[in-house]
Amino acid sequence: MPELPEVETVRARLEPVLVGRRLERVEIHDPRLTRPFDPAGVAAELEGERIAAVDRRGKYLIVRFESGRVLLIHLRMTGNLLHGSGEWLPPADPHRRAVVRLDDGSDVIYRDVRRFGTWLLVEPHELEPYLGDRVGREPLERSFTTKRLAEALAGRRTPVKAAILDQRRLAGVGNIYADEALWRARIHPQRPAGELDPAELKALHRGIRTALKAGIERQGATLRDYRTPDGGSGAMQHEFKVYGREGEPCDRCGTPIEKIRAAGRGTWYCPNCQRL
Ligand SMILES: [Zn+2]
């Protein structure tokens, strides 16, 4: 599932080729993408809009139009946005859910094998309330300090992994980067979130930011479906410290990485570096 580094990579790649372009023709083939709204109706509304900016909040891509309206895209499990023109375009396949022809002749193609992704067109005044209910602090913003992280976790008895996966508290951290961040911070994923001491909170703050930045630098992690908009792969999967590495030696101490279930998810950690 794309997390903050993957969505940010897609955003950064799409921004320079989309900003200033007008949506000339929009075809949405899958009603699940826009439900409860009619896909043909949404496509018709999008045609003629000119893109002013491509932003991100948590795992949401925010396509802002000059009209003030906004297309909120969430890739969920297996959504991909591809951009190119002419011979580059991959052949039509059953997982292609939408095609947008831009006024420079290039196309944006949306593919989604599992079909959980969503496109939601909102009016300017609807954006902040919508995101406000769903997306918490941006961990890479300067304003996200150790103090802010401490506030988000204070008093919580839930395991720290579950707490940092909660999108309403912390935006964009998913299963992969949660495990990577906790390993960096030397914190067991099942520690109660509210019991971390100041030194641990500082380490976790740094661990979250370092893990996410590493993911962005490597253009995200391609395990199965995630692709960059040119159809390429990310490289972060080659540098995981714990995620998916059960039985392999910890980079820090050589102890075999173990896999457990935490926060309802497969969770990898070093039993020596990350004590309960
Ligand atoms: Zn270790």
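Conventions and cut-offs
Residues numbered from 1 in each chain as written. Predicted model: local features only at pLDDT ≥ 70, side-chain atom pairs only at ≥ 80, totals over all residues. Heavy atoms only, no water. Patch = residues over 30% accessible without salt bridge, like charges linked within 9 Å, V, L, I, M, F, W, Y side chains within 5 Å. Areas by Shrake-Rupley, 256 points an atom, 1.4 Å probe, with all protein chains shown as cover. Salt bridge = Lys/Arg side-chain N within 4 Å of Asp/Glu carboxyl O. Helix = DSSP H or I, 4+ residues; strand = E, 2+ residues; numbered from the N terminus. Donors = N, O, S within 2.8 Å, 3.2 Å for Na, K, Ca; no water. Tetrahedral: all angles 85-135°; square planar, octahedral: opposite > 155°, others 65-115°. Buried < 20%, exposed > 50% of the residue type's maximum accessible area, 1.4 Å probe, protein only. Pairing = 2+ DSSP bridges. Axes fitted to C-alpha atoms, helices over the stretch in contact; angles between N-to-C directions. Contact = heavy atoms within 4.5 Å. 1 Å grid on protein atoms, 1.4 Å probe; cavity = no way out; pocket = protein on both sides within 12 Å on 5 of 7 lines; lining within 4 Å. Points joined across faces, edges and corners; volume = space filled by probe spheres on them. Nonpolar A, V, L, I, M, F, W, Y, C, P; charged D, E, K, R; others polar. Parallel < 35°, antiparallel > 145°, perpendicular 65-115°, else oblique. Left-handed = near helix turned anticlockwise from the far one by under 90°. Phe/Tyr/Trp six-rings, centres within 6.5 Å; stacked < 30°, edge-to-face > 60°.

## A word on a nonpolar patch on the surface
Turning to step 1, where the next piece is worked out: Where nonpolar side chains cluster on the molecular surface, the patch consists of Met1, Met77 and Phe116 and spans about 270 Å² of accessible area.
Turning to step 2, where the next piece is worked out: As for its placement among the helices and strands, methionine 1 is situated in the segment before α1 (4-18).

## Considering the coordination of the zinc ion
Turning to step 1, where the next piece is worked out: Looking at the metal site, the zinc ion is ligated by Cys250 (SG), Cys253 (SG), Cys270 (SG) and Cys273 (SG), spaced 2.2 to 2.4 Å from it.
Turning to step 2, where the next piece is worked out: Taken together, the 4 donor atoms coordinating the zinc ion span angles of 101 to 113° at the metal, a pattern that classifies the geometry as tetrahedral.
Turning to step 3, where the next piece is worked out: Taking relative accessible area as the criterion, cysteine 270 reaches 0% and is therefore assigned buried.

## Quick notes on the pairing of strand β5 (residues 79-84)
Side-chain direction in a regular strand flips from residue to residue, so the side chains alternate between the two faces of the sheet.
Turning to step 1, where the next piece is worked out: A large share of β5 lies buried, amounting to 6 of its 6 residues.
Turning to step 2, where the next piece is worked out: Burial along β5 is two-sided: Gly79, Leu81 and His83 and Asn80, Leu82 and Gly84, pointing in opposite directions, are all buried.
Turning to step 3, where the next piece is worked out: Here β5 pairs with strand β7 (residues 107-112) via 6 bridges, running antiparallel. Residue pairing for β7: leucine 82 is matched across the bridge by isoleucine 109.

## Here we look at the sheet that holds strand β2 (residues 51-57)
Turning to step 1, where the next piece is worked out: Spatially, the 4 strands line up as an open sheet ordered β2-β3-β4-β8, and their pairing is antiparallel. Only two strands of the sheet have a single neighbouring strand rather than two, namely β2 and β8 (118-122). Taking each pair of neighbouring strands and ignoring which way they run, the sheet shows an average axis angle of 20°.
Turning to step 2, where the next piece is worked out: Sheet topology places strand β3 (residues 60-65) next to strand β4 (residues 70-74); 5 bridges connect them, and they run antiparallel. Bridge assignment links leucine 61 to a residue of β4, and that residue is isoleucine 73.
Turning to step 3, where the next piece is worked out: The strands touched by α1 are β2 and β3; relative to β2, the strand with the most contacts, the crossing angle is about 170°.
Turning to step 4, where the next piece is worked out: Sheet strands touched by helix α4 (residues 124-134): β2, β3, β4 and β8. Its angle to β3, the strand with the most contacts, is close to 170°.

## Regarding the sheet that holds β5
Two modes of strand pairing occur in sheets, parallel and antiparallel, and in both the strands are linked by backbone hydrogen bonds.
Turning to step 1, where the next piece is worked out: The antiparallel open sheet is built from 4 strands, whose spatial order is β1-β6-β7-β5. Here the strands that pair on one side only, and so sit at the sheet edges, are β1 (23-28) and β5. Adjacent strand axes in the sheet meet at a mean angle of 15°, parallel and antiparallel pairs treated alike.
Turning to step 2, where the next piece is worked out: Across 5 bridges, the pairing between β1 and strand β6 (residues 96-102) is antiparallel. Its bridge partner lying in β6, valine 26 is registered against valine 100.
Turning to step 3, where the next piece is worked out: In the packing of α1 onto the sheet, contacts are made with β5, β6 and β7, and the angle to β5 comes to roughly 35°.

## Here's the deal with empty space enclosed by the protein
Turning to step 1, where the next piece is worked out: Within the structure shown, the criterion is met by 1 cavity of 30 Å³ or more.
Turning to step 2, where the next piece is worked out: What the largest cavity holds in volume is close to 160 Å³.
Turning to step 3, where the next piece is worked out: Of all elements in the fold, only α1, β2, β3, β4 and β6 reach the threshold of two or more residues within the lining of the largest cavity.
Turning to step 4, where the next piece is worked out: Considering each element in turn, the lining of the largest cavity owes the most residues, 3 residues, to β3.
Turning to step 5, where the next piece is worked out: In terms of residue class, the lining of the largest cavity is built from 16 nonpolar, no polar and no charged.

## Some details on the packing of helix α7 (residues 175-185) against helix α8 (residues 198-217)
Turning to step 1, where the next piece is worked out: Where α7 contacts α8, the axes come no closer than 8 Å and their chain directions differ by 130°. In terms of their interaxial angle, α7 and α8 are classed as oblique. For α7 against α8, the interelement crossing comes out right-handed. Together, Tyr177, Glu180, Ala181, Leu182, Arg184 and Ala185 of α7 and Ala203, Leu204, Gly207, Ile208, Thr210, Ala211, Leu212, Ala214 and Gly215 of α8 make up the contact between the two elements.
Turning to step 2, where the next piece is worked out: For the contact of α7 with α8, a count of residues per class yields 10 nonpolar, 3 polar and 2 charged.

## Focus on the packing of aromatic side chains
Turning to step 1, where the next piece is worked out: What the rule picks out here adds up to 4 aromatic pairs.
Turning to step 2, where the next piece is worked out: Ring geometry for tyrosine 60 versus tyrosine 130: centroids 6.1 Å apart, planes at 85°, classification edge-to-face. Of the two residues, tyrosine 60 sits in strand β3 while tyrosine 130 sits in helix α4, which places them 70 residues apart along the sequence.
Turning to step 3, where the next piece is worked out: Overall, tyrosine 60 belongs to the buried group, its relative accessible area being 8%.
Turning to step 4, where the next piece is worked out: Residue classification places tyrosine 130 among the partly exposed positions, given a relative accessible area of 22%.

Function cannot be read off these values alone, since they describe shape.
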